[in-house]
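# Chains, contacts and geometry: an overview
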Amino acid sequence: MSQRPLNVKIEPSWKSILSEEFLTDYFQNLTEFVHTEYEKSVVFPKPRDIFKAFDYCPLQNTKVVILGQDPYHNDGQATGLSFSVPEKTELPPSLKNIFKEISSDLGVELATNGDLSRWAKQGVLLLNATLTVRAHSAGSHQNKGWEQFTDAVIKKLSEEKQGLVFLLWGNYARKKGSQIDHAKHLVLKSAHPSPLSAHNGFFGNKHFSQTNRYLRKNCLPEIDWR
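One structure accompanies this document, and this report is about it. (Residues numbered from 1 in each chain as written. Predicted model: local features only at pLDDT ≥ 70, side-chain atom pairs only at ≥ 80, totals over all residues. Heavy atoms only, no water.)

### Thoughts on helix 8 (residues 207-217)
Residues that lie three or four places apart on an α-helix share one face, since the helix turns once every 3.6 residues. Buried residues of helix 8: His 207, Phe 208, Ser 209, Thr 211, Asn 212, Tyr 214 and Leu 215, and no others. As for helix 8, its buried residues are in contact with strand 2 (64-68), helix 4 (93-106), strand 5 (165-169) and strand 6 (186-190). Of the residues one or two after helix 8, Cys 219 is the one with positive phi, at around 60 degrees. (Buried < 20%, exposed > 50% of the residue type's maximum accessible area, 1.4 Å probe, protein only. Helix = DSSP H or I, 4+ residues; strand = E, 2+ residues; numbered from the N terminus. Contact = heavy atoms within 4.5 Å.)

Structural data, given as structure tokens:
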């Protein structure tokens, strides 16, 4: 156990359910690493946005989980929400492909606003496996403890909730979601929306209509994916 409990600034329902995680040695070490990185380097997202996915989507509101890997590492992109960029920012290729699939699947106009906080506020947890990254250095904060923390988040969601929808795109997300209880939750898997793989099963996966059909069946409000 760590010697000094950390005052992690995260939404209260998440703080409660993850309280034991914040007391572990690995999380103490992770926190010290991240603090040092912000002091000596440019790191994304902004410190106040590290836990934005949780702040926008309290535990009790969570209905859907979309797993990403790293925050964007280029200037002006990372927001603390997986796949999301600030409004009026050029859409990254994977997000463009997500919007293409939504348009095709749901028969709606192609979205142009990459700020996905509108999804998060409806109960979509936009969770990256790693919550920070050094500027222009992809994967620079991997294997420092974030993956262990986000594994704990997924485990808690699987255990504590019923009837969630997990969207696992690509091999990394599928492995990350291996501990999800398929008997309690809907787990949808496909290729990643990256241009390198989207044509191998992401396009046409109809995950967005399937998600809403499942929510409707469970008497929950559908997600407006536009």
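On we go from here.
### Structural notes on the pattern of salt bridges
As enumerated under the stated definition, the model contains 7 salt bridges in all. Notably, a salt bridge pairs Glu 159 with Lys 155, separated by 2.7 Å at the nearest N-O pair. Of this pair, Glu 159 and Lys 155 are both found in helix 6 (residues 146-160), 4 residues apart, which corresponds to roughly one turn of the helix. Among the residues examined, Glu 159 registers a relative accessible area of 43% and is labelled partly exposed. Judged by relative accessible area, which is 42%, Lys 155 ranks as partly exposed. The network of salt bridges with shared partners includes Glu 37, Lys 40 and Arg 134. (Salt bridge = Lys/Arg side-chain N within 4 Å of Asp/Glu carboxyl O.)

### As for unusual backbone geometry
Looking along the chain, the bond that leaves Phe 44 and enters Pro 45 is cis, with omega of -5 degrees. Examined against the element boundaries, Pro 45 turns out to sit in the loop between strand 1 (43-44) and helix 3 (52-56). The backbone phi angle of Asn 143 is positive, close to 60 degrees, even though this residue is not glycine. With respect to the helices and strands, the residue Asn 143 is situated in the loop between strand 4 (133-134) and helix 6. A relative accessible area of 69% means that Asn 143 is categorised as exposed.

### Observations concerning the environment of Leu 196
Within the secondary structure, Leu 196 sits in the loop between strand 6 and helix 8. Overall, the relative accessible area of 79% leaves Leu 196 in the exposed class. Leu 196 sits 31 residues away from Val 165 along the chain, and the two C-alpha atoms are 25 Å apart.

### Notes on the sheet that holds strand 5
Pairing in this open sheet of 4 strands is parallel, and the strands run 3-2-5-6 from one edge to the other. Both outer strands of the open sheet, strand 3 (124-128) and strand 6, are each paired with one neighbouring strand and no more. Taken over all neighbouring pairs, the strand axes of this sheet differ in orientation by 20 degrees on average, direction set aside. Where strand 2 meets strand 5, 3 bridges bridge the pair, whose relative direction is parallel. (Pairing = 2+ DSSP bridges. Axes fitted to C-alpha atoms, helices over the stretch in contact; angles between N-to-C directions.)

### Here we look at the pairing of strand 5
Counting buried positions over the 5 residues of strand 5 gives 5, a clear majority of the element. Alternating positions in strand 5 separate into two faces, Val 165, Leu 167 and Trp 169 on one and Phe 166 and Leu 168 on the other, with burial throughout. Where strand 5 and strand 6 come together, 5 bridges link them in parallel fashion. Its bridge partner being in strand 6, Val 165 is matched across the sheet by Leu 186. The handedness of the strand 5 to strand 6 crossover, carried by helix 7 (residues 171-176), is right-handed. (Right-handed = clockwise from strand over helix to strand, strands pointing away.)

### Examining the state of the cysteines
Taken as a whole, this structure holds 0 disulfides when the rule is applied. Considering cysteine sulfurs only, Cys 219 is the nearest to Cys 57, which forms no disulfide, with 20 Å between them. Cys 57 gets classed as buried once you look at its relative accessible area, which sits at 0%. A residue is classified by how much of its surface remains accessible, and Cys 219, at 72% relative accessible area, is exposed. (Disulfide = S-S within 2.5 Å.)

### Considerations on the side chain of Ser 82
Within the secondary structure, Ser 82 sits in the loop between strand 2 and helix 4. Among the residues examined, Ser 82 registers a relative accessible area of 0% and is labelled buried. A distance of 3.3 Å separates a polar atom in the side chain of Ser 82 from the backbone oxygen of Ile 66. Leave out the neighbours within four places in its chain, and Ser 82 touches Ile 66, Gly 68, Leu 116, Leu 126, Leu 127 and Asn 128. (Polar contact = N/O pair within 3.5 Å; in protein donor to acceptor, adjacent residues only side chain to side chain.)

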